[in-house]
Amino acid sequence: KELPTVLLIHQMDGHEGAWTILPLMRDFSVTYGRNSSWIFFCEEDTRIQVVKLLETLGRFDGSKEWFLGKALHDEESTIIHHYAFAENPTVFKFPDFAAGWALSIPLVNKLAKKLKSEPLKSDFTIDLKHEIALYIWQKGEGPHLTPVPEFCTDDVNVNHCATTFSNFLPLCGEPVKKEDVFVAVKTCQKFHGDRIPVVKQTWETEAALIEYYSDYADISIPTIDLGIPNTDRGHCGKTFAILERFLNGSSPRTPWLVIVDDDTLISIFRLRKLLSCYDPNEPVFLGERYGYGLGTGGYSYITGGGGMVFSRIAVQKLLASKCRCYSMDAPDDMVLGMCFSGLGIPITHSPLFHQARPMDYPKGYLSHQIPVSFHKHWNIDPVKVYFTWLAPNTEESLKGKKVEYNREDL
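Residues numbered from 1 in each chain as written. Predicted model: local features only at pLDDT ≥ 70, side-chain atom pairs only at ≥ 80, totals over all residues. Heavy atoms only, no water.

1. Structural notes on the overall build of the chain
(1) Moving on: When its secondary structure is counted, the chain shows 13 helices and 20 strands.
(2) Moving on: In summary, the chain has a C-alpha radius of gyration of 22 Å against a globular reference of 22 Å for 410 residues, a match within 12%.
(3) Moving on: Seen through its C-alpha atoms, the chain measures out along the principal axes to roughly 70 × 45 × 45 Å.
(4) Moving on: Residue pairs at least 24 apart in sequence account for 72% of intrachain contacts in the chain once pairs closer than 6 positions are excluded.
(5) Moving on: When the accessible surface of the chain is summed, it comes to about 19400 Å², and 52% of that surface belongs to carbon and sulfur atoms.
(6) Moving on: Here the chain carries 42 positive and 51 negative side-chain charges, and the mean point of each set is 3 Å from the other. (Helix = DSSP H or I, 4+ residues; strand = E, 2+ residues; numbered from the N terminus. Rg over C-alpha atoms; globule rule 2.2 N^0.38 Å. Contact = heavy atoms within 4.5 Å. Areas by Shrake-Rupley, 256 points an atom, 1.4 Å probe, with all protein chains shown as cover. Lys, Arg positive; Asp, Glu negative; His and termini not counted. Charge placed at Lys NZ, Arg CZ, Asp CG, Glu CD.)

The following block contains the structure:
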């Protein structure tokens, strides 16, 4: 009957990989393996009716292995899930973290034991909810996700819900001023003709300060040649040149820098609201977080395609350090992650930034989001995607008003 024990994952473990949850299983097992029945995971914005949650968990036999959640599935196989279950991606279910998900203690103990004998091997952590479900599933030998209707992300049938999720864009004060955000677009000559026109037709007008950085100066756009040749792989040299320019040249007082690709679709309007929640006098590095080698002392990083947001202080601290590209064509986002990790500056994750297209995510997952960005133009009409998902509208600017979107299958 006591109140649940509440843990904040970022306070639990000194190492970088705590957010990936599986490395914490042994701690959970040792600390709670004897006196608890369930571990329930949720996001910061998940609303919980504790009595209803206890009632819901009480329906399941806590002495057995249970993996409970609100089920999501892919409509088609997708790169962010390494094209898993390509023949029929709808068969594999994974939990929507926003609704909360639960593991029974026998399953926690089993996972802890397995992790002790077989450390995690995965190089990359890209979509945690899918990867955790795969790990628990153990190629069919472990439990599947059991869908629980009381774990909700909307408040339509709120009476039967143990959890709900707020789908408002975070707003912690007045939105950051337009002039306080400098946008750097990475491009190259071969994409001037097809990608830059999309930026100009969609989100360019939302940005008060914007520059296009290329390997060729084209005055019609205009682009700036940073003197860095284009590379087919990573763009570390170009990104560090942009950071130097931001600090020392183009915009000496602007508190925020956003670096995007030429095929990133972004809502600067929404980003300005989101940035009201962060202090530009602190080193902030914000976007969609991925992980590399986290089981073996690796690092987290912000994936570049969804947009990388830096406070000026973060850029100053980075450039004051000796951390630089190990080669000009190294992956810029990963090098930045490594550098900030070495400086002890944490990565700030927001699920509103997206490295892929809307069609690459489950519909149920996007339905409770007000996204800030998407990325890539493959097999889509990017202008249509922007105006369906990201364009500001009059309703949205009314404070606190819920926005209904007419979102086609894009």
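Picking up after the structure, the text goes on.
2. Looking at the state of the cysteines
(1) Moving on: If you walk through the whole model with that rule in mind, you get four disulfides.
(2) Moving on: Across a sulfur-sulfur distance of 2.0 Å, cysteine 152 and cysteine 161 are joined as a disulfide pair. Between cysteine 152 and cysteine 161, the S-S dihedral sits near -95 degrees, and the bridge is therefore left-handed.
(3) Moving on: Each sulfur in the disulfide pair cysteine 172 and cysteine 277 lies 2.0 Å from the other. Every disulfide takes its handedness from the sign of the S-S torsion; for cysteine 172 and cysteine 277 that torsion is 85 degrees, giving right-handed. Taken together, the positions of cysteine 172 in the loop between β9 (163-165) and β10 (181-186) and cysteine 277 in the loop between α8 (268-275) and β15 (285-287) put the pair 105 residues apart, joining distant regions of the chain.
(4) Moving on: Counting only the cysteines that form disulfides, in the order they appear in the chain, gives the pairing 1-2, 3-5, 4-7, 6-8. (Disulfide = S-S within 2.5 Å.)

3. Topic: the UniProt feature "domain: Fringe-like glycosyltransferase" (unreviewed entry) in the chain
(1) Moving on: UniProt records the feature "domain: Fringe-like glycosyltransferase" (unreviewed entry) for residues 32-116 and 175-385 in the present numbering.
(2) Moving on: Helix and strand shares over residues 32-116 are 26% and 21% respectively, and the end C-alpha atoms of the span are 17 Å apart. (UniProt positions renumbered as here; feature names shortened; annotations may be inferred.)

4. What to know about a nonpolar patch on the surface
(1) Moving on: Taken together, the side chains of Ile48, Val50 and Leu54 present a nonpolar region at the surface, about 220 Å² in accessible area.
(2) Moving on: The topology assignment puts valine 50 in helix α3 (residues 50-58).
(3) Moving on: Its relative accessible area of 33% is what places valine 50 among the partly exposed residues. (Patch = residues over 30% accessible without salt bridge, like charges linked within 9 Å, V, L, I, M, F, W, Y side chains within 5 Å. Salt bridge = Lys/Arg side-chain N within 4 Å of Asp/Glu carboxyl O. Buried < 20%, exposed > 50% of the residue type's maximum accessible area, 1.4 Å probe, protein only.)

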